[in-house]
Amino acid sequence: MDKPVLESIHIQNFRCFEHLDINRLARINLIAGRNSVGKTAVLEAIFLLLGAENIGRVAKIGRFRGLGGRNGPVGDVLDLLWSPLFYQLRTAGRIEVAADLSTGGERKVELTVATAPSRPLAVGSDGELLKPGATAGQVLRQRFTDSNHDESTFEVRLIGGELHIQPVPSTQPFPGHFISARRPPSPEELAALFGQLVRSKRVRDLDLVKILNIVEPRLTQLDVIPSGGASMVYGDIGLKQMLPLSLLGDGIERVIGVVLRIANAPGGIVLIDEVENGLHHSILSDFWQVIDRAAQTFNTQVIATTHSYECIREAHQAFSQNGDYDFLLHRLDRVGDQVETVTYDQEALGAALKAEFEVR
Amino acid sequence: MPKPRVIQSPKQLLVEGRDAEAFFHPFLESMGVSGVQIQNYGGIDELAPFLKQFVLSPQYRHLPVVSIGIIRDAERNPQDAFRSVCSALRGAGLPVPSKPLALAAGLPQTCVYILPDEESQGMIETLLLRAVSDDPAFECVDEYLECVVQATGVEPRPRDKARFLTFLASRPNIKPLTGYAARAGYLNFSSPAYDRLKEFIRSL
């Protein structure tokens, strides 16, 4: 079986991290820690790195946090989207996110804010800017390098209240998905993911109905059905007609959302914030069994955050039963102004859980 | 679900099993010792993984933990028992003392006590028996166990545990568990048999 993509991750000057290393990554990883220690920020850093060829990711991670709308003018970009990316809002510094790859190489992305405009700004006879919202100095530069010595530089500019990216981003070498804690998947997204799996003929590698039976035992069939100009995934639970999955509960949406993203990221990474959201404790063990099988089938790496002791315990027990324990728990600890990583392997985590010791 | 255990004190006393944990709480109270948190690491094979996770625990560096005392039964060989504890300490990256009762300097410092002592076979019950061996009930305890052997052909083992539990069964208000017996005052905490153990605990 192929190894998962990332072996380690190193973050500098990003969000709350002056410097953070996670030196070992497994196929399945859980990140725990207190509130505001930076669990989501780790996922965001990896998301930026995965899409290093696409600086638009910077705006996306803002939306995951509920900042900025989908369309329309962005407003004061530097304050809202860009400067909070930098450690202690120090936009004079440089963000670096680097990862060691299982292929033996390295991938790195650097973000800086340019302090001077590289094009003149038009001003009217009254001294006001002709393009409202255009402000000097609001250029975010992203430089991506990998161990093949490929290097690309992208810029995001605020022009006329809109973000402009140049050059046009290219596709990333391996797929990645970010599942936000705040934003559940839309029915259209689920339908699109399901459809992609059918199109690639890989839906047969998953028994989706059986997987969703862990949440809804009455489910017997799934189908994508156009409705009102959009397609949605419908499920048959024995009523006189099928219902959209969004009407069958948060749990079923959560499980199918995670599984479809894993299946649609072969050889890539799925990042999940607050993985236990919407899931009753009684199904956590089955959920992790499903994740383990799907991640192995599609060779996908999973990095998730959690607040839940039960979630950690059930993950450990599920992977221990499977014989091929490819799971690590990473806890982020704030030590003074710094954040450090503590990693539990199978032996340490098993001992902690057996002794009912805190690990979060 | 009960709340997971957390490290709450810079001084930690790690003991072997629930009976030992139940014993040491009233024992430390009788000594007037506070500020030492007692942890049960389970059986002798569980000490190594317990220490490994213990040093990763959220409050371990935050407090920080400055002193760890480990108590283990000698079983058949006190020297082997001490070596086993040292191996577990080494595996967790902790300082290793040169001998039982010696302090290994560091952050945290560590210290090891082998029960009943560093030169004798036995277990916690061996030490407890030393503290109550003057009690007149012991005449009957040994006679009873001899009678059991004669009648059944089976010798209760371990012998010290059998003697100790038989002694507890002779108390006016029977407390079969060590912890309850300790709280009921049956274990004679003022006995000189405990002097070295008290010295060890004070050194934490």
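Residues numbered from 1 in each chain as written. Chains lettered and ligands numbered in written order. Predicted model: local features only at pLDDT ≥ 70, side-chain atom pairs only at ≥ 80, totals over all residues. Heavy atoms only, no water.

A.B. asks: I'd like to hear about the layout of surface pockets, residue by residue, with values.
C.D. replies: All names here are of chain A. Within this model, the largest pocket holds a volume of roughly 450 Å³. In terms of lining residues, the largest pocket is bounded by 21 residues, among which Lys60, Gly176, His177, Phe178 and Glu189 are the most central. Only helix H2 (57-64), strand S9 (176-179) and helix H4 (187-199) provide two or more residues apiece to the lining of the largest pocket. Of the residues contributing to the lining of the largest pocket, the split by class is 9 nonpolar, 6 polar and 6 charged. (1 Å grid on protein atoms, 1.4 Å probe; cavity = no way out; pocket = protein on both sides within 12 Å on 5 of 7 lines; lining within 4 Å. Points joined across faces, edges and corners; volume = space filled by probe spheres on them. Helix = DSSP H or I, 4+ residues; strand = E, 2+ residues; numbered from the N terminus. Nonpolar A, V, L, I, M, F, W, Y, C, P; charged D, E, K, R; others polar.)

A.B. asks: Go over helix H1 (residues 17-31) of chain B, please, and point to the residues and values.
C.D. replies: Residues and elements named next belong to chain B. The terminal C-alpha atoms of H1, which comprises 15 residues, lie 21 Å apart, in line with the 21 Å expected from a rise of 1.5 Å per residue. What H1 keeps buried is the set Gly17, Ala20, Phe23, Phe24, Pro26, Phe27, Leu28 and Met31. In this structure, the buried side of H1 is in contact with strand S1 (11-15), strand S2 (36-40), strand S3 (67-73), helix H5 (124-132), helix H8 (178-183) and helix H9 (195-202). Taken from the residues just after H1, Gly32 is the one with a positive phi, measuring 75°. (Expected span 1.5 Å × (residues − 1). Buried < 20%, exposed > 50% of the residue type's maximum accessible area, 1.4 Å probe, protein only. Contact = heavy atoms within 4.5 Å.)

A.B. asks: Talk me through empty space enclosed by the protein; I want residue IDs and the actual numbers.
C.D. replies: All names here are of chain A. According to the stated counting rule, one finds 3 cavities of 30 Å³ or more in the structure shown. Counted as a void, the largest cavity has a volume near 50 Å³. If you go around the largest cavity, the residues you meet are Pro187, Leu190, Met232, Val233, Pro244, Leu245, Ser246 and Glu253. Those elements that place two or more of their residues in the lining of the largest cavity are H4 and strand S11 (230-236). Residues of the lining of the largest cavity, tallied by class, amount to 6 nonpolar, 1 polar and 1 charged.

A.B. asks: Quick one: what's the story with the packing of helix H9 (residues 346-354) of chain A against helix H2 (residues 47-54) of chain B, residue by residue and with numbers?
C.D. replies: For the pair H9(A) and H2(B), interaxial distance at closest approach is 8 Å and the crossing angle is 95°. Between H9(A) and H2(B), the interaxial angle falls into the category roughly perpendicular. Across from A:Glu347, A:Ala348, A:Ala351 and A:Ala352 in H9(A), the residues of H2(B) making contact are B:Pro49, B:Phe50, B:Lys52 and B:Gln53. Each residue belonging to the contact of H9(A) with H2(B) can be placed in one class, and the counts come to 5 nonpolar, 1 polar and 2 charged. (Axes fitted to C-alpha atoms, helices over the stretch in contact; angles between N-to-C directions. Parallel < 35°, antiparallel > 145°, perpendicular 65-115°, else oblique.)

A.B. asks: Pulling in residues and values, what's your account of the packing of aromatic side chains?
C.D. replies: Residue and element names in this part refer to chain B. One pass over the full model with this rule turns up 21 aromatic pairs over all chains. Centre to centre, the rings of Phe138 and Phe167 are 5.1 Å apart; their planes meet at 15°, and the pair counts as stacked. With Phe138 in helix H6 (residues 137-152) and Phe167 in helix H7 (residues 159-168), this pair connects stretches of sequence that are 29 residues apart. The class of Phe138 is buried, set by a relative accessible area of 7%. Judged by centre distance (6.0 Å) and plane angle (70°), the ring pair of Phe189 and Tyr194 falls under edge-to-face. With respect to burial, Phe189 and Tyr194 carry one shared label: buried. (Phe/Tyr/Trp six-rings, centres within 6.5 Å; stacked < 30°, edge-to-face > 60°.)

A.B. asks: Mind laying out the interface of chain B and chain A, listing which residues take part and the relevant values?
C.D. replies: One frequently used descriptor of interface size is the decrease in accessible area upon assembly of the parts. Listed per partner, the contact involves 17 residues of chain B and 22 residues of chain A. When chain B packs against chain A, close to 1700 Å² is buried across both sides, 57% of that on carbon and sulfur atoms. Taken as a group, B:Gln53, B:Leu56 and B:Pro58 account for 31% of the area that chain B buries against chain A, more than any other trio of residues on that side. Viewed at the interface, chain A and chain B are joined by 4 salt bridges. When the shortest N-O distance is used, the salt bridge between A:Glu347 and B:Lys52 registers 2.9 Å. Those elements that place two or more of their residues in the side of chain B that touches chain A are H2 and helix H3 (58-62) of chain B. The biggest single contributor to the side of chain B that touches chain A is H2(B), with 5 residues. Looking at the side of chain B that touches chain A residue by residue, the classes come out as 9 nonpolar, 4 polar and 4 charged. (Buried area = accessible area lost by both parts, 1.4 Å probe. Salt bridge = Lys/Arg side-chain N within 4 Å of Asp/Glu carboxyl O.)

A.B. asks: Tell me about helix H4 (residues 78-91) of chain B, and please be specific about residues and values.
C.D. replies: All names here are of chain B. With 14 residues, H4 extends 20 Å between its outermost C-alpha atoms, agreeing within 8% with the 20 Å of an ideal straight helix rising 1.5 Å per residue. Every buried residue of H4 is accounted for by Pro78, Ala81, Phe82, Val85, Cys86, Ala88 and Leu89. Angularly, the buried residues of H4 cover 160° about the axis, an arc narrow enough to put them on a single face. In H4, the exposed residues that point more than 90 degrees away from the buried face are Arg83, Arg90 and Gly91. Contacts made by the buried residues of H4 are with H2, S3 and strand S4 (109-115). (Arc of directions from axis to C-beta.)

A.B. asks: Help me get a handle on the packing of H6(B) against H7(B), residues and values and all.
C.D. replies: Residue and element names in this part refer to chain B. Put simply, H6 and H7 touch, their axes get as near as 9 Å, and they point 125° apart. As far as their axial angle goes, H7 and H6 are oblique. Relative to H7, H6 is oriented so that their crossing is right-handed. Within the contact between the two elements, H6 uses Ala137, Phe138, Val141, Asp142, Tyr144 and Leu145 and H7 uses Arg159, Ala162, Arg163, Thr166 and Phe167. When its residues are assigned to classes, the contact of H6 with H7 shows 7 nonpolar, 1 polar and 3 charged. (Left-handed = near helix turned anticlockwise from the far one by under 90°.)

A.B. asks: Describe the side chain of B:Glu16, naming the residues involved and giving the relevant values.
C.D. replies: All names here are of chain B. Tracing the sequence through the fold places Glu16 in the loop between S1 and H1. Despite its burial, Glu16 pairs with no opposite charge, the nearest such side chain being Arg72 at 4.6 Å. Here the side chain of Glu16 touches Asp73 through a polar contact of 2.9 Å, landing on its backbone nitrogen. When sequence neighbours within four positions are dropped, the list of residues in contact with Glu16 reads Asn40, Tyr41, Gly42, Gly43, Ile44, Ile71, Arg72, Asp73 and Glu75. (Lys, Arg positive; Asp, Glu negative; His and termini not counted. Polar contact = N/O pair within 3.5 Å; in protein donor to acceptor, adjacent residues only side chain to side chain.)

A.B. asks: Account for the nonpolar core, naming residues and giving values.
C.D. replies: Counting residues in hydrophobic clusters, the biggest one holds 87 residues, and the most contacted among them are A:Leu222 and A:Trp288. Grouped together as the second largest cluster of nonpolar side chains are 44 residues, A:Val37, A:Leu50, A:Phe64 and A:Ile95 included. (Core = buried A, V, L, I, M, F, W, Y, C linked by side-chain atoms within 4.5 Å.)

A.B. asks: Before we move on, can you summarise unusual backbone geometry with the specific residues and values?
C.D. replies: Omega for the bond connecting B:Leu63 with B:Pro64 falls within 30 degrees of zero, at -10°, which places this linkage in the cis form. Topologically, B:Pro64 is positioned in the loop between H3 and S3. Here the amide bond leading from B:Arg157 into B:Pro158 is cis, since omega sits at 0°, within 30 degrees of zero. In this fold, B:Pro158 is placed in the loop between H6 and H7. A positive phi angle, near 60°, is found at A:Leu89, a position not held by glycine. For A:Leu89, the position within the fold is in the loop between helix H3 (77-82) and strand S4 (95-101). Positive phi, close to 50°, is recorded for B:Asn188, a residue that is not glycine. Here B:Asn188 lies in the loop between H8 and H9.

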